[in-house]
Amino acid sequence: MKVLGIETSCDETGIAIYDSENGLLAHELYSQVKLHADYGGVVPELASRDHVRKIIPLIQRTLDSANLTSSDIDGLAFTRGPGLVGALLVGASVGRSIAYAWDVPAVGVHHMEGHLLAPMLDDNAPEFPFVALLVSGGHSMIVDVKGIGQYEVLGESLDDAAGEAFDKTAKLLGLDYPGGPLLAKLAEKGEAGHYKFPRPMTDRPGLDMSFSGLKTFAANTIRAAADDPQVKANIAYAFQEAIVDTLFIKSMRALKQTGRKRIVMAGGVSANRYLRDKFAEESRRKSFEVYYPAFEYCTDNGAMIAYAGCQRLLKGERVSLDMQAKPRWPLDSLA
Ligand code: KG4
Ligand code: ZN
């Protein structure tokens, strides 16, 4: 089954074609980063309008690069939520309409399920069950995954998501939007041991997370520090170390609680080198396996939606013509 996937939940237009027999056939991404950079964050109305402009040409380009035409496509998958409602509506209405025109079934995919299943696109895909550490700009969660659609959210961020904390702290350090990857780059020049950030909510039981305090701690640290590039790099290092340590502590706790031996990380922050290296290193010391998506499938993309949608279409799931986008949509309501 060949499935065309559409992702438009935020500021990337992502289109891909996934084939249940031959894997990923093509994927294209248009990032709106430049459009929003002047505003220091995503402007929802601009995002929606840009998706409208880009989506059809990008679908055509994806078909072309796979050497396929519309008649080769057996199903349509689009991100139905969570995300910015205007942005979601573009992908959902285009996806649902195209499916109707091409006379193929359609399915609405949960954006975080897309992230969660992105490591499945890899040759070395994890087997179920596993614990998923989902760390993106909008959400951070720890999920017990028994199979496709069988998700139990064990913990989540009570305030800022991990990516959001990266972005906000990056802004405080004078970096551009989106700051996560830029902060990570700055941290590479930083030295350990100069600053000690807290590891929020690790001193009490449970798997919920809270990162907004780290941003406040960063703000106070930056205010008290000298305006010097090396000092800023040291602060970036300490901040990144604290977030990664916290995610690590919570993930180990989740493995212990569930008895799982596999941890799968996904979402934009899983592109973070320091995070990947820390988990890889520890997995060799302790007895667990760690999986992460290829870099290009960590942040938002169409491939993860095409993959997740294909699995759901194969199970017979369909979305009706009168469906609505779901800007809020709990992950554990999917079964
Ligand atoms: O999953 P994603 O593309 O979008 C959402 O679903 O939210 O995640 C984007 C987030 C942003 O906050 C971005 O700063 C962060 O992922 N991010 C990173 C890195 N690359 C992307 N954060 C830290 N280090 C990185 N290398
Ligand atoms: Zn995302």
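The structure under discussion appears in the preceding block.
Residues numbered from 1 in each chain as written. Chains lettered and ligands numbered in written order. Predicted model: local features only at pLDDT ≥ 70, side-chain atom pairs only at ≥ 80, totals over all residues. Heavy atoms only, no water.

Student: Looking at this structure, how should I read the coordination of the zinc ion (ligand 2)?
Tutor: The expected angle between donors at a tetrahedral four-coordinate metal is 109.5 degrees. At an octahedral six-coordinate metal it is 90 or 180 degrees. Protein-derived coordination of the zinc ion (ligand 2) comes from His111 (NE2), His115 (NE2) and Asp300 (OD), at a distance range of 2.0 to 2.1 Å. Sequence spacing of the donor residues for the zinc ion (ligand 2), all on one chain, is H-x3-H-x184-D. Pair noted here: His111 is in helix α4 (residues 111-117) and Asp300 is in the loop between β10 (289-291) and α10 (302-314), with a separation of 189 residues, a long-range link. Accessibility expressed as a relative area gives 6% for His111, which makes it buried. According to the relative accessible area criterion, Asp300 is buried, its value standing at 14%. (Donors = N, O, S within 2.8 Å, 3.2 Å for Na, K, Ca; no water. Helix = DSSP H or I, 4+ residues; strand = E, 2+ residues; numbered from the N terminus. Buried < 20%, exposed > 50% of the residue type's maximum accessible area, 1.4 Å probe, protein only.)

Student: Just checking my understanding: could you explain the site of ligand 1 for this structure?
Tutor: As a structural note, the neighbourhood of ligand 1 is formed by 18 residues, with His115, Gly137, Asp167, Asn272 and Asp300 the closest of them. Here an oxygen atom of ligand 1 and a backbone polar atom of Gly163 are 3.1 Å apart. Here an oxygen atom of ligand 1 and a backbone polar atom of Gly268 are 3.0 Å apart. Burial of ligand 1 by the protein chains amounts to 87% of its free accessible area of 550 Å². Along the lines of polarity and charge, the residues of the shell around ligand 1 split into 5 nonpolar, 11 polar and 2 charged. (Near = heavy atom within 4 Å. Polar contact = N/O pair within 3.5 Å; in protein donor to acceptor, adjacent residues only side chain to side chain. Areas by Shrake-Rupley, 256 points an atom, 1.4 Å probe, with all protein chains shown as cover. Nonpolar A, V, L, I, M, F, W, Y, C, P; charged D, E, K, R; others polar.)

Student: Just checking my understanding: could you explain the sheet that holds strand β3 (residues 23-31) for this structure?
Tutor: Think of a sheet as strands paired side by side through backbone hydrogen bonds, with each pair either parallel or antiparallel. Within the open sheet, the 5 strands sit side by side as β3-β2-β1-β4-β5. Their pairing is mixed. Strands at the two margins of the open sheet, each flanked by one partner only, are β3 and β5 (106-110). On average, each strand axis in the sheet is tilted by 20° relative to the strand beside it, whichever way the strands run. Bridge count for strand β1 (residues 2-7) against strand β4 (residues 75-81) is 4 bridges, and the pairing is parallel. Counterpart to Val3 in the pairing with β4 is Gly75. Here helix α2 (residues 44-65) sits on the sheet in contact with β1, β2 (12-19) and β3, set at roughly 25° to β2. (Pairing = 2+ DSSP bridges. Axes fitted to C-alpha atoms, helices over the stretch in contact; angles between N-to-C directions. Contact = heavy atoms within 4.5 Å.)

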